[in-house]
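Fold and geometry: a report
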Amino acid sequence: MKVVFLGPPGAGKGTQVEIISSRYNIPKIVMGDILRSEVSRGTELGKIVKQYMEKGELVPDDIILRIIGKYIEGLDSFILDGFPRTLNQAKGLETITKIDRVVYIEVPDDEVKRRLLARGRMDDRPEVIENRLRVYREQTQPLIDYYREKGILVEVDGVGTIEEVTERIEKALGLK
Ligand code: AMP
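Below you will find a few notes about this structure.

Regarding the overall build of the chain
- Looking only at helices and strands, the chain has nine helices and five strands in total.
- For the chain, the N- to C-terminal ordering of α and β elements is β-α-β-α-α-α-β-α-β-α-α-α-β-α.
- Against the globule reference of 16 Å for 176 residues, the chain gives a C-alpha radius of gyration of 15 Å, in line with a compact fold.
- Along the longest, intermediate and shortest principal axes, the C-alpha atoms of the chain span 40 × 40 × 30 Å.
- In the chain, 72% of the contacts between residues at least 6 apart in sequence involve partners at least 24 apart.
- With an accessible surface of roughly 9000 Å², the chain has 50% of that area assigned to carbon and sulfur atoms.
- In the chain, 29 side chains carry a positive charge and 30 a negative one; their mean positions are 2 Å apart.

Okay, structure coming up:
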C-alpha cells in the first residue's frame, strides 16, 4: 500500500505516521526528517535547505523531487509524510509511482497553533508558525481537492486522543 499523509503542520501527522508505520510494518518516508538530518550533518544540501526551513518556506521542488526518488525506489509499500507539498511535487510523484490512498488529517487552525507552540521545534517560533500555516494554505491545501477529484482521498478528524485518531485512520485505510 502506497499512502500519503496530508494535513497542516501540527495536525499530528508525524505521530500517526509513526504508529501506523510500526504497527503494520510499512516503511515511512518523512521529508522533514530527511531535510533536518541534512541540516544537522552540515552537508552541502543541508546548507541550502536550512535557509528555507528556518523561515518556514518550502524548499524548491526540484531539490525535493531529486531526494524523494532515491527513497521510494524499489519499495512496493510506504507512507509519505511531508511530501508532496505542492501540486508540482504531486505531479512529479506520479511520474515515479502510483499512490493508492491519501489520508487527510483535519485539525482546525486554532488547535494547530496551540499544538505547534507547545512543541517548540526550531521552526516553531510564533512568526515562523504563521508563515508555515500561510505556505500550507497557499501551496499544500490545493492538493486536497486534487486527490479528492482522483477519488483516493480519505478524510480523518484529527481532533481527539492519539489512539482515537489512529483508529479512525485504520478504519479509513481498511486496516481494521
Ligand atoms: P515538516 O517537518 O514536514 O513540518 O517540514 C519542516 C520544513 O521542511 C518545512 O517547513 C519546509 O521548510 C521543509 N520541507 C519539508 N518537506 C518539504 C517538501 N515536501 N517540500 C518543500 N519543503 C519541505
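Still more to cover.
A word on the sheet that holds strand β2 (residues 28–30)
- Pairing is parallel across the open sheet formed by five strands, whose spatial order is β2-β3-β1-β4-β5. At either end of the open sheet lies a strand with only one pairing partner, and these are β2 and β5 (153–157). For this sheet the average axis-to-axis angle between neighbouring strands, irrespective of direction, equals 20°.
- Looking at chain direction, strand β1 (residues 2–6) and strand β3 (residues 78–81) are connected through four bridges and run parallel. Paired with V3 across the strands is I79, a residue of β3.
- Helix-sheet contacts for helix α8 (residues 142–149) involve β1, β4 (101–106) and β5, and the interaxial angle to β5 is about 125°.

Thoughts on the site of the ligand
- Around the ligand, the surrounding shell holds 16 residues, and the nearest of these are R36, E57, G82, R85 and Q89.
- Separating an oxygen atom of the ligand from a side-chain N or O atom of R85 is a distance of 3.0 Å.
- Here the ligand has 480 Å² of accessible area as a free molecule, and 95% of this is covered by the chains.
- A total of four residues in the shell around the ligand trace back to one element, the largest contributor, which is helix α2 (residues 31–41).
- Residues of the shell around the ligand, tallied by class, amount to seven nonpolar, three polar and six charged.

Thoughts on the packing of aromatic side chains
- Scanning the model with the defined rule gives one aromatic pair in all.
- Ring plane angle 70° and centroid distance 5.4 Å describe the contact between Y146 and Y147, whose orientation is recorded as edge-to-face. Across the pair, Y147 and Y146 agree in class, each one buried.

Some words on the pairing of β3
- Residues F78 and L80 line one face of β3 and the alternating positions I79 and D81 line the opposite face, and both faces are buried.
- Where β2 and β3 come together, three bridges link them in parallel fashion. Within the sheet, the bridge partner assigned to I29 lies in β3 and is L80.

Looking at the pattern of salt bridges
- Counted according to the given criterion, the structure contains 24 salt bridges.
- A salt bridge links R36 to D33; its shortest N-O distance comes to 3.0 Å. Remark: D33 and R36 occur in helix α2; sequence separation between them is three residues, near one turn of the helix.
- Assessed through its relative accessible area of 27%, R36 is described here as partly exposed.

Some remarks on the environment of L45
- As for its position among the elements, L45 is in helix α3 (residues 44–53).
- Separated by 18 residues in sequence, L45 and I63 have C-alpha atoms that sit 8.7 Å apart.
- Discounting chain neighbours no more than four positions away, the residues touching L45 are E38, I63 and I67.

Regarding the side chain of K2
- Residue placement: K2 occurs in strand β1.
- Within the buried set, K2 has no salt-bridge partner at all; the shortest N-O distance to an opposite charge, 6.6 Å, is to D100.
- If sequence neighbours within four positions are ignored, K2 has contacts with L75, D76, S77, F78, T97, K98, I99, D100 and R101.

Calculation rules
Residues numbered from 1 in each chain as written. Predicted model: local features only at pLDDT ≥ 70, side-chain atom pairs only at ≥ 80, totals over all residues. Heavy atoms only, no water. Helix = DSSP H or I, 4+ residues; strand = E, 2+ residues; numbered from the N terminus. Rg over C-alpha atoms; globule rule 2.2 N^0.38 Å. Contact = heavy atoms within 4.5 Å. Areas by Shrake-Rupley, 256 points an atom, 1.4 Å probe, with all protein chains shown as cover. Lys, Arg positive; Asp, Glu negative; His and termini not counted. Charge placed at Lys NZ, Arg CZ, Asp CG, Glu CD. Pairing = 2+ DSSP bridges. Axes fitted to C-alpha atoms, helices over the stretch in contact; angles between N-to-C directions. Near = heavy atom within 4 Å. Polar contact = N/O pair within 3.5 Å; in protein donor to acceptor, adjacent residues only side chain to side chain. Nonpolar A, V, L, I, M, F, W, Y, C, P; charged D, E, K, R; others polar. Phe/Tyr/Trp six-rings, centres within 6.5 Å; stacked < 30°, edge-to-face > 60°. Buried < 20%, exposed > 50% of the residue type's maximum accessible area, 1.4 Å probe, protein only. Salt bridge = Lys/Arg side-chain N within 4 Å of Asp/Glu carboxyl O.

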